[in-house]
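Okay, here's what each chain looks like letter by letter:
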Amino acid sequence: MPIDDASTRLAEVREKIARAARIAGRAPDAIELIAVSKTHDAVAIRPLLAAGQRVFGENRVQEAAAKWPELRETTSGVALHLIGQLQSNKAEEAVALFDAIHAVDRPSLVGALARAMDRADRRPACFVQVNIGDEPQKGGCLVADLPALLAEARSAELPVAGLMCIPPADIEPAPYFALLARLARDHGVTGLSMGMSGDYETAVTIGATHVRVGTALFGERA
Ligand SMILES: *Cc1c(COP(=O)(O)O)cnc(C)c1O
């Protein structure tokens, strides 16, 4: 993607975020745009870096570990968010590489992350992923299990920054975003990681603090 394209798309997405924020009476800079670069190589990512984007999302530890160390050598201030499911045996690598982890969804992973953070003396922000539509094939803890999982994460001293969800596909996402926002309020959590290319403006009007946008910035994935 040429730099012109990248900066145009980035400006468009930022403007839409700002507009949605204003509609909801929120400050546009209260929303962090995570550019989801999964499956895209360094050639596609560099134009976005050149356009000023610094926060990126990846869904696989291995892929991120292969791409990002080199990109980080040439650009300072990059923050990496892990947005995909994490196996406990990759917790150590994830803690070393990522600045935030959006897929904390079970007690065994809480334990693995807590141990990895203690060993590394590094504490990436954690988002607890909620299976907001109760879908069997999806990651995330069930809504009913959230209170116990949050208590466990807090007692393990994970830095719980927020909740994350991926609503069911092909239906209106707003009610699911609203439910996640209410769960966050009920449990004293401030961050809300919700909204992708198709629905990030809706998510922003409902309180998203982090939107995860891939296709609208990079084009379709192969
Ligand atoms: C791929 C992915 C995104 C980005 O999706 P787009 O529709 O390309 O914006 C956001 N969140 C998660 C968890 C993803 O896996």
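Within any chain, residue numbers begin from 1 and follow the written order of that chain's sequence. With the structure being a predicted model, the display of local features is reserved for residues of pLDDT at least 70 and the display and counting of side-chain atom pairs for 80 or more, all residues being used for whole-chain, interface and lining totals. Side-chain calculation: all heavy atoms of the structure are included, whereas hydrogens and water are not.

This part is about the UniProt feature "domain: Alanine racemase N-terminal" (unreviewed entry) in the protein. UniProt positions are given in the numbering used here, feature names are shortened, and annotations may be inferred rather than shown by experiment. UniProt annotation of "domain: Alanine racemase N-terminal" (unreviewed entry) refers to residues 13–221 when read in the numbering used here. A run of H or I in DSSP becomes a helix once it reaches four residues, and a run of E becomes a strand once it reaches two; helices and strands are each numbered from the N terminus. As annotated, residues 13–221 comprises 42% helix and 19% strand, and the C-alpha atoms at either end are separated by 18 Å.

Turning our attention to the packing of helix H2 (residues 42–50) against helix H3 (residues 61–74). One can describe the packing of H2 onto H3 by two numbers: an axis separation of 11 Å at closest approach and a directional angle of 40 degrees. Comparing the axis directions of H2 and H3 gives the class oblique. The way H2 lies across H3 gives a crossing that is right-handed. On H3, the residues that touch Ala42, Ile45, Arg46 and Leu49 of H2 are Lys67, Trp68, Glu70 and Leu71. Under the convention adopted here, Pro, Cys and the residues Ala, Val, Leu, Ile, Met, Phe, Trp and Tyr are nonpolar, Asp, Glu, Lys and Arg are charged, and Gly plus all remaining residues are polar. Of the residues that constitute the contact of H2 with H3, the class distribution is five nonpolar, no polar and three charged. Interaxial angle, 0 to 180 degrees, is taken between N-to-C directions of lines fitted to C-alpha atoms, where a helix line uses only the stretch in contact. Roughly parallel means an angle under 35 degrees; roughly antiparallel, over 145; roughly perpendicular, 65 to 115; everything else is oblique. The crossing is said to be left-handed when, going from far helix to near helix, the turn is anticlockwise and less than a right angle, and right-handed when the turn is clockwise. Throughout, a residue-residue contact means that at least one pair of heavy atoms, one from each residue, lies within 4.5 Å.

Within this numbering scheme, the UniProt entry marks Lys38 as carrying the feature "modified residue: N6-(pyridoxal phosphate)lysine" (unreviewed entry). With respect to the helices, strands and loops of the structure, Lys38 is situated in the loop between strand S1 (32–36) and H2. Setting aside its immediate chain neighbours within four residues, Lys38 contacts Gly57, Glu58, Asn59, Glu63, Lys67 and Arg221.

Take the buried Ala, Val, Leu, Ile, Met, Phe, Trp, Tyr and Cys residues and link them wherever side-chain atoms come within 4.5 Å; each set so joined is a nonpolar core. Only protein chains enter the calculation, and the probe is 1.4 Å; a residue is then buried if its accessible area is under 20% of its type maximum, exposed if over 50%, and partly exposed in between. In this structure, Phe56 and Leu113 are the most contacted members of the largest nonpolar core, which totals 64 residues. The element that contributes the greatest number of residues to this core is helix H5 (residues 107–120), accounting for seven residues. Not counting residues up to four positions away in its chain, the partners in contact with Phe56 are Ile34, Ala35, Ser37, Ile45, Leu48, Leu49, Trp68, Val78, Ala79, Leu80, His81 and Phe218.

Going residue by residue along strand S2 (residues 55–58), you find Val55 and Gly57 tucked away on one face and Phe56 and Glu58 tucked away on the opposite face as well. When S1 meets S2, the two strands line up parallel, connected through two bridges. When the bridges of S2 are listed, Val36 appears paired with Gly57. Here, a strand pair is defined by DSSP locating no fewer than two bridges between the strands. Sheet topology places S2 next to strand S3 (residues 79–82); four bridges connect them, and they run parallel. Within S3, the position partnered with Phe56 by the bridge is Leu80.

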